[in-house]
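# Results of the structural survey
Here is what each chain is made of, one letter per residue.
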Amino acid sequence: MVVLTVALVPTIGFGGDGDSVTTRTTSSSMESVFIEVHNSDNVRRTFRVFAIGAQTDTPAADVRLLPGESHDVAGGESQRVLAVFQNLRPGETREARVCYAPVNLPADKTCEAIAIERL
């Protein structure tokens, strides 16, 4: 049932520099964003994907990552991860950063800032 619900949620995609904030307005209690996890190395790496606060490194509330948090990515390849922002209340603006980093280099993270406003 969750898969069907997620399939009906509009998605936006982005990737890359992390210098801007991706913003979206929605009338739904859920909104999703595709994250491109890119392995710029020439060997396979395992990456951890996680959602944290806009200004802190504490976990962001009500953000679900599909298909999960751990991803093996071949050298020079990318893999998409769906970040689903759940339980948005009317009038709420939810801000978070969705990040990915090699499991052996957690400080080498790449983050994308997201702000979602529910009408």
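Presented here is a report on the structure given in the accompanying data block. None of the values given here were measured: they were computed from a predicted structure.

## Concerning the nonpolar core
- Ile-35, Val-37, Phe-85 and Val-98 are the most contacted members of the largest nonpolar core, which has 19 residues in total.
- For this core, the secondary-structure elements that each account for two or more residues are strand E3 (31–38), strand E4 (45–53), strand E5 (63–66), strand E7 (78–85), strand E8 (93–102) and strand E9 (110–118).
- With residues up to four places along the chain from it excluded, the contact list for Phe-85 reads Ser-29, Met-30, Glu-31, Val-33, Asp-62, Val-63, Arg-94, Ala-96, Val-98, Ile-114 and Ile-116.
- If you look at the next biggest cluster of nonpolar residues, it comprises 5 residues, including Phe-50, Ile-52, Cys-99 and Cys-111.

## Comments concerning the packing of aromatic side chains
- Evaluation of the coordinates by the stated rule reveals 1 aromatic pair.
- Pairing Phe-47 with Tyr-100 gives two aromatic rings, centres 5.9 Å apart and planes at 70°, and the pair type is edge-to-face. Taken together, the residues Phe-47 in strand E4 and Tyr-100 in strand E8 connect sequence positions 53 residues apart.
- We classify Phe-47 as buried; its relative accessible area is 5%.
- What makes Tyr-100 buried here is its relative accessible area of 12%.
- If you follow Arg-80 out to its NZ or CZ, it ends over the ring of Phe-34, 3.9 Å from the centre.

## What to know about the pattern of salt bridges
- Under the counting rule described, the total for this entry stands at 6 salt bridges.
- A salt bridge links Glu-36 to Arg-80, with the nearest nitrogen and oxygen atoms 3.0 Å apart. Placement of the pair is Glu-36 in strand E3 and Arg-80 in strand E7, with a sequence separation of 44 residues.
- For Arg-80, a relative accessible area of 47% puts it in the partly exposed group.
- The salt bridge involving Asp-41 is made with Arg-45; its shortest N-O contact spans 2.4 Å.
- Taking the relative accessible area as the measure of exposure, Asp-41 reaches 28% and is therefore partly exposed.
- One salt-bridge network, in which partners are shared between bridges, spans Asp-57, Arg-97 and Lys-109.

## Observations concerning the environment of Ala-115
- Summarising the element assignment, Ala-115 is placed in strand E9.
- Ala-115 sits in the buried class, given a relative accessible area of 11%.
- Each C-alpha atom of the pair Ala-115 and Thr-25 lies 8.7 Å from the other, and the pair is 90 residues apart in sequence.

## Describing the layout of surface pockets
- In this structure, the largest pocket encloses a volume near 180 Å³.
- Lining the largest pocket are His-38, Asn-39, Ser-40, Asp-41, Arg-45, Phe-47, Tyr-100, Pro-102, Asn-104, Leu-105, Asp-108 and Thr-110.
- Where the lining of the largest pocket is concerned, the elements lending two or more residues are E4 and E8.
- Of the voids in this model, the second largest pocket is the one considered here, and its volume is about 150 Å³.
- In this structure, the second largest pocket is lined by Arg-48, Phe-50, Ala-51, Ile-52, Asp-57, Pro-59, Ala-60, Val-63, Leu-65 and Glu-69.
- Elements supplying a minimum of two residues to the lining of the second largest pocket: E4 and E5.

How each quantity is defined
- Residues numbered from 1 in each chain as written.
- Predicted model: local features only at pLDDT ≥ 70, side-chain atom pairs only at ≥ 80, totals over all residues.
- Heavy atoms only, no water.
- Core = buried A, V, L, I, M, F, W, Y, C linked by side-chain atoms within 4.5 Å.
- Buried < 20%, exposed > 50% of the residue type's maximum accessible area, 1.4 Å probe, protein only.
- Helix = DSSP H or I, 4+ residues; strand = E, 2+ residues; numbered from the N terminus.
- Contact = heavy atoms within 4.5 Å.
- Phe/Tyr/Trp six-rings, centres within 6.5 Å; stacked < 30°, edge-to-face > 60°.
- Lys NZ or Arg CZ within 6 Å of the ring centre and 35° of its normal.
- Salt bridge = Lys/Arg side-chain N within 4 Å of Asp/Glu carboxyl O.
- 1 Å grid on protein atoms, 1.4 Å probe; cavity = no way out; pocket = protein on both sides within 12 Å on 5 of 7 lines; lining within 4 Å.
- Points joined across faces, edges and corners; volume = space filled by probe spheres on them.

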